[in-house]
Amino acid sequence: MTKISSPIIREATAADLPILLDFEQALIAYERPFAPNLRKGKISYYDLSAYIKATDIRVVVAEIAGQVVGSGYALIKENKAYKAPQFYVYLGFMYVVPEYRGQGINSQIMKDLIDWGKAQGYTEFQLDVYAENESALKAYAKAGLVPEILTMRIDNIPPENQ
């Protein structure tokens, strides 16, 4: 683990796109063991280029000594018709370079994104995390998030008439 001073949390720019695309692939590789139903080969979760350009989405990076070491985004989503409030802030793309983990960088990224959402008048924040990703669950609980619903699935059931 690389010992750090406080990172600078700043809005991502188009110049950050190459490293953010690398982060996305590293995140997908990390999450593959939790999601055996992800397609094989190179996939993408996000349209990072569009997110960076959007005015209603905040993409941030954590930077230390000119090196980008973490990322995250916040975007506004409409809630399910039966839930209140009508809109909430969805947090995603939480990634910190492995050698910088465990030093509060993710917490600082989340604080920035939550502050952004609050400044726009939103009071609810949500994110998705794999149920078996214990380190992420602990980090998000530490930030004040609580589990709400767990999606369950079954796969590899053969058709009955074979």
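Residues numbered from 1 in each chain as written. Predicted model: local features only at pLDDT ≥ 70, side-chain atom pairs only at ≥ 80, totals over all residues. Heavy atoms only, no water.

(A) Representation of the environment of Tyr88. Relative to the helices and strands, Tyr88 is located in strand S4 (residues 87-96). According to the relative accessible area criterion, Tyr88 is buried, its value standing at 9%. Between the alpha carbons of Tyr88 and Tyr122 there is a distance of 6.3 Å; along the sequence they are 34 residues apart. Contact partners of Tyr88, with chain neighbours within four places excluded, come to Leu75, Ile76, Lys77, Glu78, Asn79, Glu124 and Gln126. (Helix = DSSP H or I, 4+ residues; strand = E, 2+ residues; numbered from the N terminus. Buried < 20%, exposed > 50% of the residue type's maximum accessible area, 1.4 Å probe, protein only. Contact = heavy atoms within 4.5 Å.)

(B) Molecular detail of the side chain of Asp112. Along the chain, Asp112 falls in helix H3 (residues 105-119). The exposure class assigned to Asp112 is buried, which follows from its relative accessible area of 18%. The contacts of Asp112, once residues within four sequence positions are left out, are Ile9, Arg58 and Val60.

(C) Region of interest: the nonpolar core. Leu20, Tyr51, Val59, Tyr73, Leu91, Phe93 and Ile105 are the most contacted members of the largest nonpolar core, which has 41 residues in total. For this core, the secondary-structure elements that each account for two or more residues are helix H1 (17-31), helix H2 (48-53), strand S2 (57-64), strand S3 (67-78), S4, H3 and helix H4 (134-142). Among the elements that line this core, the one with the most residues is S4, at eight residues. Setting aside residues up to four positions removed in sequence, Tyr51 forms contacts with Tyr46, Ile57, Val59, Tyr73 and Leu75. (Core = buried A, V, L, I, M, F, W, Y, C linked by side-chain atoms within 4.5 Å.)

(D) Quick peek at the pattern of salt bridges. Tallied over the full model, the rule gives seven salt bridges. Between Lys83 and Glu148 there is a salt bridge, and its shortest N-O distance comes to 2.8 Å. Here Lys83 is found in the loop between S3 and S4, whereas its partner Glu148 is found in the segment after H4, with 65 residues between them in sequence. A relative accessible area of 27% places Lys83 in the partly exposed class. The partner of Arg153 in a salt bridge is Asp155, and the shortest N-O contact between them spans 2.7 Å. Connected through salt bridges with shared partners, the residues Arg10, Asp16 and Glu63 form a single ionic network. (Salt bridge = Lys/Arg side-chain N within 4 Å of Asp/Glu carboxyl O.)

(E) Expanded view of the packing of aromatic side chains. Evaluated as defined, the whole model comprises eight aromatic pairs. Residues Tyr46 and Phe93 carry aromatic rings whose centres are separated by 4.9 Å and whose planes lie at 55° to one another, so their mutual orientation is tilted. Highlighted residues: Tyr46 in the loop between H1 and H2 and Phe93 in strand S4, separated in sequence by 47 residues. Of the two residues, Tyr46 and Phe93, neither departs from the other in class, the shared state being buried. With 6.4 Å between their ring centres and 40° between their planes, Tyr73 and Tyr90 make a pair best called tilted. A residue pair is termed long-range when its members are at least 10 positions apart, and Tyr73 in strand S3 and Tyr90 in strand S4 qualify at 17 residues. Like Tyr90, Tyr73 is buried. Taken together, the aromatic side chains of Tyr45, Tyr46, Tyr51, Tyr73, Tyr90 and Phe93 make up a single cluster linked through ring pairs. A cation sits over an aromatic face here: Lys77 above Tyr90, 4.1 Å from the ring centre. The ring centre of Tyr30 lies 5.7 Å from the NZ or CZ of Arg101, which sits over that ring. (Phe/Tyr/Trp six-rings, centres within 6.5 Å; stacked < 30°, edge-to-face > 60°. Lys NZ or Arg CZ within 6 Å of the ring centre and 35° of its normal.)

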